[in-house]
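Given next are the chains, with one letter for each unit.
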Amino acid sequence: NAGVTQTPKFRVLKTGQSMTLLCAQDMNHEYMYWYRQDPGMGLRLIHYSVGEGTTAKGEVPDGYNVSRLKKQNFLLGLESAAPSQTSVYFCASRSSGNTIYFGEGSWLTVV
Amino acid sequence: AQSVTQPDIHITVSEGASLELRCNYSYGATPYLFWYVQSPGQGLQLLLKYFSGDTLVQGIKGFEAEFKRSQSSFNLRKPSVHWSDAAEYFCAVGSFGNEKLTFGTGTRLTIIP
């Protein structure tokens, strides 16, 4: 029972590079989320999706894009990475009972 | 807009002592509330949740939380902490019909022998 899986777990990028974080869930959940976690700021919502083919902005969407082409996958893209995007990124999905399940996180450093 | 406040950034408790972590929320509709725990380098694990009904909620690892609507609070308690409880704890609020869950900034718990 994999739950929510994020790849990669660790990545170092140079400023200006692009990358994609992949989130996969095997629970058939409609809702999926991308959060970032920074010291002293808790988790902040970047983007979310309420179903296949849909996306919406969260609190801190600037500099990120997302896609939900398949129900089980939610991709987070950084087109031109900046040092301010150094963070830990968490993907999550929500059950029909409104419980949110998190992945184990992706540590991204932009130098 | 919904918001969550965890007023204690860091709490230190002796092993075996009781624990209470505070959480206050602001939301116009009927909220549903969560407590999550995060160990270093790990993701978030659900401790307990409140949607409706009995205002005292039991969770995993011996934790409980009480929803007090009049105080807009959802404090987490444990009668006797163990060294393995050292972690960061997050309170979160959402509501039915709202897709987004809002998190507090977290409380880091340190356990001393």
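The structure we're discussing is the one just above.
Now for a quick tour of the structure. (Residues numbered from 1 in each chain as written. Chains lettered and ligands numbered in written order. Predicted model: local features only at pLDDT ≥ 70, side-chain atom pairs only at ≥ 80, totals over all residues. Heavy atoms only, no water.)

Things to note about the overall build of chain A
A tally of helices and strands in chain A yields zero helices and 11 strands. The globule rule puts the C-alpha radius of gyration for 111 residues at 13 Å, and the 13 Å found for chain A is close to it. When the 111 residues of chain A are sorted by exposure, 50% land in the buried category. Within chain A, contacts between residues at least 6 apart in sequence are counted, and of these 51% link residues at least 24 apart. When the accessible area of chain A is evaluated, it comes to approximately 5,200 Å², of which 52% is carbon and sulfur surface. Mean positive and mean negative side-chain charge positions of chain A (10 and 8 charges, respectively) differ by 4 Å. (Helix = DSSP H or I, 4+ residues; strand = E, 2+ residues; numbered from the N terminus. Rg over C-alpha atoms; globule rule 2.2 N^0.38 Å. Buried < 20%, exposed > 50% of the residue type's maximum accessible area, 1.4 Å probe, protein only. Contact = heavy atoms within 4.5 Å. Areas by Shrake-Rupley, 256 points an atom, 1.4 Å probe, with all protein chains shown as cover. Lys, Arg positive; Asp, Glu negative; His and termini not counted. Charge placed at Lys NZ, Arg CZ, Asp CG, Glu CD.)

Examining the pattern of salt bridges
For the structure shown, the criterion picks out eight salt bridges over all chains. Across the pair E104(A) and K9(A) runs a salt bridge, and its minimum N-O distance is 3.8 Å. Placement of the pair is E104(A) in the loop between β10 (100-102) and β11 (106-110) and K9(A) in the loop between β1 (4-7) and β2 (10-13), with a sequence separation of 95 residues. Here K78(B) makes a salt bridge to D85(B), at a shortest N to O gap of 2.8 Å. (Salt bridge = Lys/Arg side-chain N within 4 Å of Asp/Glu carboxyl O.)

Thoughts on the side chain of T107(B)
Residues and elements named next belong to chain B. Structurally, T107 can be placed in strand β12 (residues 107-112). Only 3.4 Å separates the side chain of T107 from the side chain of Q6, close enough to count as a polar contact. A distance of 2.6 Å separates the side chain of T107 from the backbone oxygen of D8, its partner in a polar contact. Every residue in contact with T107, bar those within four places of it in the chain, is listed here: Q6, D8, I9, I11, L21, A87, E88 and Y89. (Polar contact = N/O pair within 3.5 Å; in protein donor to acceptor, adjacent residues only side chain to side chain.)

Structural notes on the layout of surface pockets
Quantified by volume, the largest pocket comes out at close to 230 Å³. Lining the largest pocket are 17 residues, with Q37(A), D38(A), P39(A), V88(A) and Q38(B) positioned closest to its centre. Its residues assigned to classes, the lining of the largest pocket comprises five nonpolar, 10 polar and two charged. (1 Å grid on protein atoms, 1.4 Å probe; cavity = no way out; pocket = protein on both sides within 12 Å on 5 of 7 lines; lining within 4 Å. Points joined across faces, edges and corners; volume = space filled by probe spheres on them. Nonpolar A, V, L, I, M, F, W, Y, C, P; charged D, E, K, R; others polar.)

What to know about the sheet that holds strand β8 (residues 73-78) of chain A
Residue and element names in this part refer to chain A. Pairing is antiparallel across the open sheet formed by four strands, whose spatial order is β1-β3-β8-β7. Both outer strands of the open sheet, β1 and β7 (64-67), are each paired with one neighbouring strand and no more. Pairwise comparison of adjacent strand axes, ignoring direction, gives a mean angle of 20° for this sheet. Bridge count for strand β3 (residues 19-25) against β8 is six bridges, and the pairing is antiparallel. Counted as the bridge partner of A24 is N73 from β8. (Pairing = 2+ DSSP bridges. Axes fitted to C-alpha atoms, helices over the stretch in contact; angles between N-to-C directions.)

As for the interface of chain B and chain A
Contact residues are listed per partner, giving 20 residues for chain B and 22 residues for chain A. Interface area for chain B against chain A, summed over the two sides, is near 1,600 Å², with a carbon-plus-sulfur share of 57%. For the pair chain B and chain A, the number of links is zero salt bridges. Inspection of the region where chain B meets chain A yields five residue pairs in polar contact (both at pLDDT 80 or more). Counting only elements with at least two residues in the side of chain B that touches chain A, the list comes to β5 (31-38) and β6 (44-50) of chain B. Looking at which element gives the most residues to the side of chain B that touches chain A, the answer is β5(B), with four residues. Residues belonging to the side of chain B that touches chain A are distributed by class as follows: 10 nonpolar, seven polar and three charged. (Buried area = accessible area lost by both parts, 1.4 Å probe.)

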